[in-house]
Amino acid sequence: MDAPCAIVGAMTVAVRLPRRKKSRTPEVAELLAWYDRHARALPWRARRGERPDPYRVWLSEIMLQQTTVKAVAPYYARFLSRWPTIDALAAASLDDVLRAWAGLGYYARARNLHTCAKVVVELHDGQFPSDMAALRALPGIGDYTAAAVAAIAFNVPTVPVDGNVERVVSRLFAVEKEFPAAKPVIKQLAASLLPSDRAGDFAQALMDLGATICSPKRPACALCPWPDACLANARGNQEMFPRKAPKREGQLRCGAAFVVFRSDARVLLRRRPDKGLLASMMEVPGSEWTHDFDQSRAQRSAPRLRAKVQWQRLRGTVRHVFTHFPLELVVFAAQVPRATTAPKGARWVKIDELRDEALPNLMRKVLAHALDRR
DNA sequence: CATCCGTGGCG
DNA sequence: TCGCCAAGGAT
């Protein structure tokens, strides 16, 4: 079989055409073998041979939606410690859950999490269903999470397609179609890889591959278990995938925030509406956030207080970036006497106890800004 | 299908 | 500094 090239000797090396890596069908066994060696040890993962706890799988999946492993880890530990079972979580108050979630973002997840726990307890006797359709019907569970829980917790043969899997698959098959139009194609391609067993390991292997090797930038293809199967790798244009249309950035919005200090070391807080941005979370009083905010009229939106209030405009601003727009707030501060009562819908909170409140990070920035300049 | 919904880290 | 984007879901 060897080519007869004894005559030329060293010349052969120089003359021989560069060996072209032939793209071939990805072998799932190679990925699973890689996973057996390199699986990340994550707090919510069952140890080898142990049955995964559907509650833990679900809790971690909700937290991990659009959120990094590092950010989730401490929250997951606190939640699991405080509410070790779905019954415990279902019995908690929504406000306790929101306070425990504060800082993690996407607060609708926390409310859906709480609702979902109660539904599972009431409708499913406290046991997560393994059926995809039943999972999909639960609040906060979409296509991805339903498939992830089914596969990881129950080994149901399905492939959850998240951002990692989309990236891996789009490179593997060099999917030229742009997002989000490419999503159905990628789902189909991902499903075509599904092995006949180890659905949970396969799902997590794909995600680990995407998270640690097949990264968005500078993927470590030399360490990939599928180097030859990957079309993008063969072409050397890995970073061209997945192809995404450029998204336009949101327009700057501005507004004012009002921090009222009462002389007994408390500040005035109120709860936001239960829908929309930062829903149900706490905030300091403030103006609307608009594109044409007029700073000279900012104090019109200050909270109405019995006491005569001298507002002081604090120097500097608080900047924050939401998913779809950047925000810049000017901050006003005032001191009021101990006897001052809170306006309707607001309450006084001890400065020392602010950390226990359901305050999104934006509001923590505002409070820190005011406390620094007190 | 498009938009809304947080936050932190990283190149 | 800044844009990108991370285990998406709801509307």
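Located above this text is the structure these notes cover.
Let me begin by describing the structure that accompanies this report. (Residues numbered from 1 in each chain as written. Chains lettered and ligands numbered in written order. Predicted model: local features only at pLDDT ≥ 70, side-chain atom pairs only at ≥ 80, totals over all residues. Heavy atoms only, no water.)

Observations regarding the pattern of salt bridges
Argument step 1. Under the counting rule described, the total for this entry stands at 23 salt bridges.
Argument step 2. A salt bridge links R198 to D36, with the nearest nitrogen and oxygen atoms 2.7 Å apart. Placement of the pair is R198 in the loop between helix 11 (183-192) and helix 12 (199-213) and D36 in helix 2 (residues 28-38), with a sequence separation of 162 residues.
Argument step 3. Judged by relative accessible area, which is 24%, R198 ranks as partly exposed.
Argument step 4. Here R82 ties to D96 by a salt bridge, and the two come within 3.5 Å at their closest N and O atoms. (Salt bridge = Lys/Arg side-chain N within 4 Å of Asp/Glu carboxyl O. Helix = DSSP H or I, 4+ residues; strand = E, 2+ residues; numbered from the N terminus. Buried < 20%, exposed > 50% of the residue type's maximum accessible area, 1.4 Å probe, protein only.)

What to know about the side chain of N233
Argument step 1. Residue position: N233 is located in helix 13 (residues 231-235).
Argument step 2. Reaching out from N233, the side chain makes a polar contact with the side chain of Q238 at a distance of 3.2 Å. (Polar contact = N/O pair within 3.5 Å; in protein donor to acceptor, adjacent residues only side chain to side chain.)

What about the layout of surface pockets?
Argument step 1. For the largest pocket, the calculated volume is near 1400 Å³.
Argument step 2. Considering the residues around the largest pocket, the lining is formed by 41 residues, among which L64, Q66, D162, G163 and N164 are closest to the centre.
Argument step 3. Per-element tally for the lining of the largest pocket: the top contributor is helix 10 (residues 163-172), with five residues.
Argument step 4. Considered class by class, the residues forming the lining of the largest pocket number 18 nonpolar, nine polar and 14 charged.
Argument step 5. By volume, the second largest pocket is sized at about 650 Å³.
Argument step 6. Looking at the second largest pocket, it is lined by 25 residues, and the ones nearest its centre are A46, R47, R48, D201 and Q204.
Argument step 7. Tallying contributions element by element places helix 9 (residues 143-154) first for the lining of the second largest pocket, with four residues. (1 Å grid on protein atoms, 1.4 Å probe; cavity = no way out; pocket = protein on both sides within 12 Å on 5 of 7 lines; lining within 4 Å. Points joined across faces, edges and corners; volume = space filled by probe spheres on them. Nonpolar A, V, L, I, M, F, W, Y, C, P; charged D, E, K, R; others polar.)

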